[in-house]
Amino acid sequence: MSTAALTAGNFWRMTKGKILEGVFAVNKPSGISSAQVVRELQNTFQPSKIFQPYLSAAKSDLSREKPNQRKRRRDKNPKVKIGHGGTLDPLATGVLIAGIGRGTKSLQDFLLCTKEYETVVLFGTATDTYDRVGKALKRAPFEHVTREKVEEALGQFKGKFMQLPPLFSALKMDGKPLYEYAREGKPIPRKIERRQVEVVKMELLEWMEGGTHSHQAPTEDAGYAEINVANQLWEQEKAVPGTSSTAEKPEEKQVEEKKRKASVEADDLVSERPASKQQKTATEEDAIMSGGLPPPTVEPSLSAAKSSNEPAFTINKVDSNKDKTNYDAPPTTKTSKTPDPSQPPACRIRMTVTSGFYVRSLAHDLGVAVNSAALMAELKRTRQGEFEVGKNVLEWEELKKGEEVWGPQVEHFIDDWVAKKNRGERGVREESVGEEREMRS
């Protein structure tokens, strides 16, 4: 069915009530994967009253299927169809766009829009995942790292440049994720290609001297095989932490990939115009923001509380021998207003970037640029396209308060998106008609 089916008139069928289909955004908490967020939303929406018209319509559609089609279906009961428009790592928080029903067909449009992030970079240590939940691959001096040197180094990461994805990313080579080569201690079949990215805007928001913050590097060291593979990659790209970077300046690099069409000016068009051919052929890899490691084994649940004494969120028990990764908060250390030169400094950076940008790679490369090492300690996606935290994004905590709280908000966000999309499509049609008349005259 075409996108025209999302008009306000078609939101009403021969069912009792309004069928909600469209796009909205939720403020993802730290500690769960993007896929887990989708599952929790589905589990919350499935029994709700507001989505019963949707389920009734879906059930009616199933009843009209041919007998052989029904037999092939594993699940005979319809569910609220939900997908997301751009992966966030378990460590990260912030905007996660979700599509419901036919709204999932528009999620591809959000892969190429610009995004805004705030991240904390901690100097002195490089890890296999380029963030604080990984294992330490190398520790480097940090006493010489100052705010002035970092601000100067950030200049080389502004504008368009070729970025090397993290080794422990979800990108694949010969059908196998890169992180599997590293974990198995096997050599990478061929050179990892850099990808063209663009930093539209970047600024250093806060400088934190050592001892004045609570961010801390992991204490566990990576194994020999992982260190060996990482060193091979870094030496190949002349990006070994703790050494001077010999990488070419952005303006001297040869652009080997097609230019990305996303820009700040195009953000509003993401929800107002149909997807272009380039957008329709975008791969899921373009949606992955910063590593996309396999999800943790700890899965928060949004099951409703039976009484005021029972928490709405529950954590499933896991085997003590399994992954104990703590995504929720960095290790706490004693902090004071007096800087401690024996502790590593950190900084908070805000940036606006195009699709395919790896924030964790920026943190790692920034450490190399200042002749040290660095990792991503925190990450928050504050904006993606038209959705911005604090403006038109559903807070995760609202889901715990019941349908009477989150229901009206979800309906409002979806209605707003549908209205904007319809206005955009009408504008495109009117522009097309105008061009045709001009050609005839």
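Everything numeric here is computed off the predicted structure, so don't read it as measured data. (Residues numbered from 1 in each chain as written. Predicted model: local features only at pLDDT ≥ 70, side-chain atom pairs only at ≥ 80, totals over all residues. Heavy atoms only, no water.)

Colleague: Before we move on, can you summarise the environment of F123 with the specific residues and values?
Modeller: Topologically, F123 is positioned in strand β4 (residues 115-123). It is 9.2 Å that separates the C-alpha atoms of F123 and R139, two residues lying 16 residues apart in sequence. F123 has contacts with V145, V150, W207, P344, P345, A346, C347, L366, G367, V370, A373 and A374, leaving out every residue within four places of it along the chain. (Helix = DSSP H or I, 4+ residues; strand = E, 2+ residues; numbered from the N terminus. Contact = heavy atoms within 4.5 Å.)

Colleague: Outline the packing of aromatic side chains, listing residues and values.
Modeller: For the coordinates displayed, the defined rule picks out seven aromatic pairs. Here the aromatic rings of F45 and F51 are separated by 4.7 Å at their centres, their planes lie at 25 degrees, and the arrangement is stacked. Considered together, F45 and F51 belong to a single accessibility category, that of buried residues. Taken together, a centroid distance of 4.9 Å and an interplanar angle of 40 degrees make the contact between F45 and W406 tilted. (Phe/Tyr/Trp six-rings, centres within 6.5 Å; stacked < 30°, edge-to-face > 60°. Buried < 20%, exposed > 50% of the residue type's maximum accessible area, 1.4 Å probe, protein only.)

Colleague: Give a description of the nonpolar core that names residues and reports values.
Modeller: As a rule of thumb, soluble globular proteins bury nonpolar side chains together. Formed by 38 residues in total, the largest nonpolar core has its most connected members in F24, L41, F45, F51 and F387. Among the secondary structure elements, those contributing two or more residues to this core are β1 (22-28), α1 (34-45), α2 (52-63), β3 (93-100) and α9 (403-440). Ranked by residue count, the leading element in this core is α9, at six residues. Excluding anything up to four places from it in sequence, F387 contacts V23, F24, A25, V95, I97, F110, T382, N392, V393 and W417. Ranked by size, the runner-up nonpolar core spans 31 residues in total, among them L88, V150, A153 and F357. (Core = buried A, V, L, I, M, F, W, Y, C linked by side-chain atoms within 4.5 Å.)

Colleague: Any chance you could break down the pairing of strand β10 (residues 195-208) for me, citing the residues and the numbers?
Modeller: A regular strand carries its side chains on alternate faces of the sheet. The pairing of strand β7 (residues 159-163) with β10 spans five bridges and is classified as antiparallel. Note that in β10 the partner of K160 across the bridge is E198. Bridge analysis of β10 against strand β13 (residues 346-353) gives eight bridges, and the strand direction is antiparallel. Residue V199 lies in a different strand from β13, and its bridge partner there is V353. (Pairing = 2+ DSSP bridges.)

Colleague: With reference to specific residues and values, describe the pattern of salt bridges.
Modeller: With the rule as written, the count across this model stands at 17 salt bridges. With its nearest N and O atoms 2.6 Å apart, the salt bridge here joins D415 to K18. Pair noted here: D415 is in helix α9 and K18 is in the segment before β1, with a separation of 397 residues, a long-range link. D415 gets classed as partly exposed once you look at its relative accessible area, which sits at 28%. With a closest N to O distance of 2.9 Å, R350 and E203 form a salt bridge. Taken as a pair, R350 in strand β13 and E203 in strand β10 lie far apart in primary sequence, 147 residues in all. Overall, R350 belongs to the partly exposed group, its relative accessible area being 27%. Among the ionic contacts, a cluster of salt bridges with common partners joins K18, E411 and D415. (Salt bridge = Lys/Arg side-chain N within 4 Å of Asp/Glu carboxyl O.)

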